[in-house]
Amino acid sequence: MSISSYPFDGQAVSEGQYSYLFRELASHSGIAGPEGLGTSSFSVFGDGTGMNVKVNAGFAIVRGHAVQSTATETVTIAAASAAQRYDRVVLRLDPTANSIKLAVVQGTSGGGVPALTQTDTGIYEFPLATVTVPVGAATITSGNVQGEREFLGNTVGAWTTATRPKTPRMGRLGFNNSTKVWEFWDGTQWKDLAPTINWGTIEGAPATFPPASHTHPWGDVTGKPTTFPPSSHNHDWDQVTGKPSTFPPSSHSHSWSSITSKPSTFPPSSHSHSGYLTSGSTISWANGSKKPHNNAASGSGTWYAVWVEGDGTFCRNTSSVRFKENVRDQVINPNDVLALRPVIYDRKDTVNEDGSVKEGRKDEVGLIAEEVEAAGLDWMVNYLDGEVDGLRYDLLGVALLPVVQRQAQQISDLEARLARLEAKLS
């Protein structure tokens, strides 16, 4: 039979038929609540208590099925990845399991916002929020959560520009809380239901309105001058009186090519560069100059190690406790430090902007940053654009302290054992 109708008394109606019916009544999936866009129903937030988010109680329709939560739920977010990651908190409809549950669609490290599964008869994931998981994150705060909820209306909908219905039917009407206007879907785009009309939006309006031919009595003309200077005319040279005997040229210019006998070169006049080389807050010679290389270590002032910030700014390395807060112990496993592998290597050649090749230095000694990261000492690793870039060799001495302290304790223990052994033998 190709035609069916439902629901009627004494008739069996399937889950799929009810879902299809209520989808048509609700127009789409969305959050329900008398406050509309202002409701906290199923809103997601981070409170900084760990790698999790909280989801408020609420009621929603997901592809014709109802889901209700009566208490705030906690949803776990996976540990941070090597690069920033985006996860999505969803209501997951699973018809096979006869359930709608809270779930997390985990994104990929360094990737974009993950796509959702939204089938017509199987799994359907309704978005609640996108969670940004930064590198090294240990908690999820309110700033890491961006809401994605869509909302139901009674006869019409309400939404923001970001949460408009994804597959609207022609004529779908709703209030856009972002633009504060009523809008409808014309089959191709969202259009303002009652746009403000101004001269620029009127189609076919002429650009100018030339007046028809007409006249004005002289008495009706306002702002007319009291005198009338003569119009453009000519005088014979002989009729001009008081003219000068010579005529020096007025101010004018000459093109460079029209100047003759100009010199072929222009040596600079006497000048100096001391001002921009040695004064001011910007060290103009720092980029590419050999001045620091040629300076000898001398002077009686305080000496500092120099750091270079990410934007290229020089700064001194300070370590006084007055510059610090939240001071706490750093636990370092001496075995991780002892597992580091010193290597000797050659730098790759680099190609300059003019196409010339600069040969890399040979036989450099150091560590491999990726191996240091893998050893669990990623706090010694520098990252650039989400990738491993360099090492904080100045922190290597800090990492070695637990190794030396353990060896010192071992030596002390051995000396005590030796003393006890000598005492027994004596």
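Note: the structure precedes this text.
For the structure given in this document, a descriptive report is provided here. (Residues numbered from 1 in each chain as written. Predicted model: local features only at pLDDT ≥ 70, side-chain atom pairs only at ≥ 80, totals over all residues. Heavy atoms only, no water.)

A few points about the sheet that holds strand β5 (residues 65-69)
(1) Moving on: Pairing is antiparallel in the open sheet, where three strands are placed in the order β1-β4-β5. The open sheet has two edge strands with one neighbour each: β1 (30-32) and β5. Across the sheet, the mean angle from the axis of one strand to that of its neighbour is 25 degrees, orientation sign disregarded.
(2) Moving on: Pairing of strand β4 (residues 58-62) with β5 involves five bridges; the strand directions are antiparallel. Residue pairing in the sheet places Ile 61 in a bridge with Ala 66 of β5. (Pairing = 2+ DSSP bridges. Helix = DSSP H or I, 4+ residues; strand = E, 2+ residues; numbered from the N terminus. Axes fitted to C-alpha atoms, helices over the stretch in contact; angles between N-to-C directions.)

As for the layout of surface pockets
With a probe scaled to a water molecule rolled over the atoms, the places where space remains empty come into view.
(1) Moving on: Approximately 570 Å³ is the volume attributed to the second largest pocket.
(2) Moving on: Residue lining of the second largest pocket: 20 residues in total, with Lys 324, Arg 328, Gln 330, Leu 395 and Val 398 positioned closest to the centre.
(3) Moving on: Counting residues per element, the lining of the second largest pocket draws most heavily on helix α6 (residues 396-425), which supplies four residues.
(4) Moving on: A class-by-class count of the residues in the lining of the second largest pocket yields eight nonpolar, six polar and six charged. (1 Å grid on protein atoms, 1.4 Å probe; cavity = no way out; pocket = protein on both sides within 12 Å on 5 of 7 lines; lining within 4 Å. Points joined across faces, edges and corners; volume = space filled by probe spheres on them. Nonpolar A, V, L, I, M, F, W, Y, C, P; charged D, E, K, R; others polar.)

Details of the sheet that holds strand β14 (residues 190-192)
Adjacent strands of a sheet form backbone hydrogen bonds with each other and so pair up, either parallel or antiparallel.
(1) Moving on: Ordered by their spatial adjacency, four strands build an open sheet running β11-β12-β13-β14, and the pairing between neighbours is mixed. The open sheet has two edge strands with one neighbour each: β11 (157-159) and β14. This sheet shows a mean twist of 35 degrees between the axes of neighbouring strands, independent of strand direction.
(2) Moving on: Here strand β13 (residues 181-185) runs beside β14; their pairing, made up of three bridges, is antiparallel. Note that in β14 the partner of Trp 185 across the bridge is Trp 190.

As for the nonpolar core
(1) Moving on: In terms of nonpolar packing, the biggest core is built from 24 residues, with Phe 42, Val 44, Val 53, Val 62, Leu 91, Leu 128 and Val 131 touching the most fellow members.
(2) Moving on: Among the elements of the structure, β3 (52-55), β4, β7 (85-94) and β9 (124-133) are those that each provide at least two residues to this core.
(3) Moving on: Broken down by element, this core gets its largest block of residues, six residues, from β9.
(4) Moving on: Apart from residues no more than four positions distant in its own chain, Val 131 is found in contact with Val 53, Ile 77, Arg 85, Tyr 86, Asp 87, Val 89, Ile 140, Asn 144 and Val 145.
(5) Moving on: Within the second largest apolar cluster, 14 residues are counted, among which are Val 337, Leu 367, Ala 369 and Val 403. (Core = buried A, V, L, I, M, F, W, Y, C linked by side-chain atoms within 4.5 Å. Buried < 20%, exposed > 50% of the residue type's maximum accessible area, 1.4 Å probe, protein only. Contact = heavy atoms within 4.5 Å.)

Points about the pattern of salt bridges
(1) Moving on: In this structure the tally under the stated criterion is 10 salt bridges.
(2) Moving on: Notably, a salt bridge pairs Lys 362 with Glu 359, separated by 4.0 Å at the nearest N-O pair.
(3) Moving on: Connected through salt bridges with shared partners, the residues Arg 347, Arg 361 and Glu 364 form a single ionic network. (Salt bridge = Lys/Arg side-chain N within 4 Å of Asp/Glu carboxyl O.)

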